[in-house]
Amino acid sequence: MTEIVLGVGASHSTLMNTHWEETLHKDRAGRFRDALYAAREELAAARPDTVILVGSNHFRGFWLDLIPSFTIGVGECLASGESGTPKGPQPVDEPLARHIAGELVDGGRFDVAFSARLQIDHGQSHAIQYLLDGLGVEIVPLVVNVFAPPLPTLDRCERLGRAIREAVLAFPGDRRVAVIGSGGLSHRLPWPDWRDPRGDDEEFLVGAWLDGRDNWRDYDARRRQIIRAAEAAINTGFDNEFLTLLEGGKAARITEYTTERLEEVAGNGAQELRTWLLMAALLDHVPGRRLAYESIPEWLTGMAVAVLDPTTTPG
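Small disclaimer: the values here were computed from a predicted structure and weren't measured.

J.: Quick question: what am I supposed to make of helix α9 (residues 259–266) here?
T.: Because an α-helix completes one turn every 3.6 residues, residues spaced three or four positions apart along the sequence face the same direction. Of the residues making up α9, those classed as buried are Thr 259, Leu 262 and Ala 266. Relative to the axis of α9, the buried residues are bounded by an arc of 65° and lie together on one face. Across from the buried face of α9, at angles greater than 90 degrees, the exposed residues are Glu 260 and Glu 264. Of the residues flanking the end of α9, it is Gly 267, one or two places downstream, whose phi is positive at about 95°.

Structure representation (structure tokens):
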């Protein structure tokens, strides 16, 4: 029998790796990092065989020459290794991944893209580094387009999570499956709408997103300078409201936001909440438990960790 044993939502930031010493709010950063380690311990205790790893892509695995809304890795999975995150091949549960892709398409519910040679970046490898290190699990990587509009709606993401849940539970093998949603919470990256770049920096970024498939590292230094020069735009009120919904098993209410409204309220980086929403739907929206929330302006982001455990009820 296959069962879904745990869900984890976790923010990511490569600045944990590259600029820890320059981080001013080390107390906040330390609490967030400790929460990642606590979540890893809960994952270890849940004994998963496989982790469905839902993440975004920051134009190091997908480029503007081809941007699917949803892509499942069903074969090789290579991490790009930027900013001290894991690099190289990652172990994929190919039977489960191919089962999920097939069930979604055969059932007529979602025509998801699939990749037999998927490249991921820190949108997923950050979670591999901090949540899966030493656990010896295989992954099913699922990449969601959250940065190249038009984006899949929040409602579409929630329904995909429910459909994947049904596919996982119908898997004829014997698996203990955990789910990680990586990204968010509120933050604003200095990234343009690729359809209407304005100014030299935005033109540069769109060019990198279009032409970087074979040489993305050539663009990385200037790209990082642009990001480091940005001012933080963290909405702690929104973040806490979302985490409260998650704790109450009501994360699906975030689907009331349009893509445009979500960016207006919580920044373009908050579009990554699609990964948390997918994770919560895969856990059938059981009530969650917040392990940490920290506003870290040096990382431009409201950083959070939460756990959804179907075997317990918080409080």
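J.: How should I be thinking about the packing of aromatic side chains in this particular structure?
T.: For any pair of aromatic rings, the description consists of the separation of the ring centres together with the inter-plane angle of the planes. All told, the structure shown has 10 aromatic pairs when counted by the stated rule. An aromatic cluster is present here, built from Phe 59, Phe 147, Trp 191 and Trp 209 joined pairwise through their rings. The cationic tip of Arg 222 hangs over the ring face of Phe 204; the distance from NZ or CZ to the ring centre is 4.4 Å.

J.: How should I be thinking about the nonpolar core in this particular structure?
T.: Note on soluble globular proteins: their nonpolar side chains tend to be buried together. Membership of the largest hydrophobic core comes to 65 residues, with the highest contact counts inside it found for Ile 52, Ile 72, Ile 100, Leu 104, Ile 164 and Trp 276. What Leu 104 contacts, discounting residues up to four positions off in sequence, is Ile 72, Arg 109, Phe 110, Val 112, Leu 160, Ala 163 and Ile 164. By size, the runner-up hydrophobic cluster in this structure holds 38 residues, among which are Ala 29, Ala 35, Ala 178 and Trp 299.

J.: Sorry, what's going on with the environment of Thr 311 here?
T.: Tracing the sequence through the fold places Thr 311 in the segment after β9 (301–308). With 25 residues separating them in the primary sequence, Thr 311 and Val 286 have C-alpha atoms 9.3 Å apart.

J.: Please explain unusual backbone geometry as it appears in this structure.
T.: Where the residue is not glycine, phi is negative for most of them; where a peptide bond is considered, it is trans in most cases. Between Pro 149 and the following residue, Pro 150, the backbone shows a cis peptide bond with an omega angle of 10°. With respect to the helices, strands and loops of the structure, Pro 150 is situated in the loop between β6 (138–144) and α5 (154–169). Residue Leu 185 is reached from Gly 184 by a cis peptide bond, and omega for that bond is 0°. Mapping Leu 185 onto the fold places it in the loop between β7 (176–182) and α6 (200–211). In this structure, Asp 284 is a non-glycine residue whose phi angle is positive, near 60°. Looking at the secondary structure, you find Asp 284 in the loop between α10 (273–282) and β8 (288–296). The exposure class assigned to Asp 284 is partly exposed, which follows from its relative accessible area of 49%. If you check the backbone angles, Leu 300 has positive phi at about 70° while not being a glycine. As for its position among the elements, Leu 300 is in the loop between β8 and β9. When its relative accessible area of 6% is taken as the criterion, Leu 300 is described as buried.

The rules we used
- Within every chain, residues take consecutive numbers counted from 1 along the sequence as written.
- With pLDDT at 70 or above as the cut-off, local features in this predicted model cover only qualifying residues; side-chain atom pairs require 80 or more to be listed or tallied, and sums for whole chains, interfaces and linings still use all residues.
- As a rule here, side-chain values cover all heavy atoms of the structure and leave hydrogens and water aside.
- Three exposure classes are used, based on accessible area relative to the maximum for each residue type with a 1.4 Å probe and protein chains only: buried under 20%, partly exposed in between, and exposed over 50%.
- In DSSP terms, a helix is any run of H or I states spanning at least four residues, a strand is any run of E spanning at least two, and both are numbered starting from the N terminus.
- Working note: the arc is built from the helix axis to C-beta atom directions.
- Ring pairs are drawn from Phe, Tyr and Trp, using the six-membered ring of Trp, whenever the two centres fall within 6.5 Å, and their geometry is named by plane angle: stacked under 30 degrees, edge-to-face over 60, tilted for the rest.
- Criterion for a charge above a ring: Arg CZ or Lys NZ at most 6 Å from the ring centre, at most 35 degrees from the ring normal.
- Nonpolar cores are built from buried Ala, Val, Leu, Ile, Met, Phe, Trp, Tyr and Cys residues. Side-chain atoms within 4.5 Å join them into one set.
- What makes two residues a contact is simply this: any of their non-hydrogen atoms within 4.5 Å.

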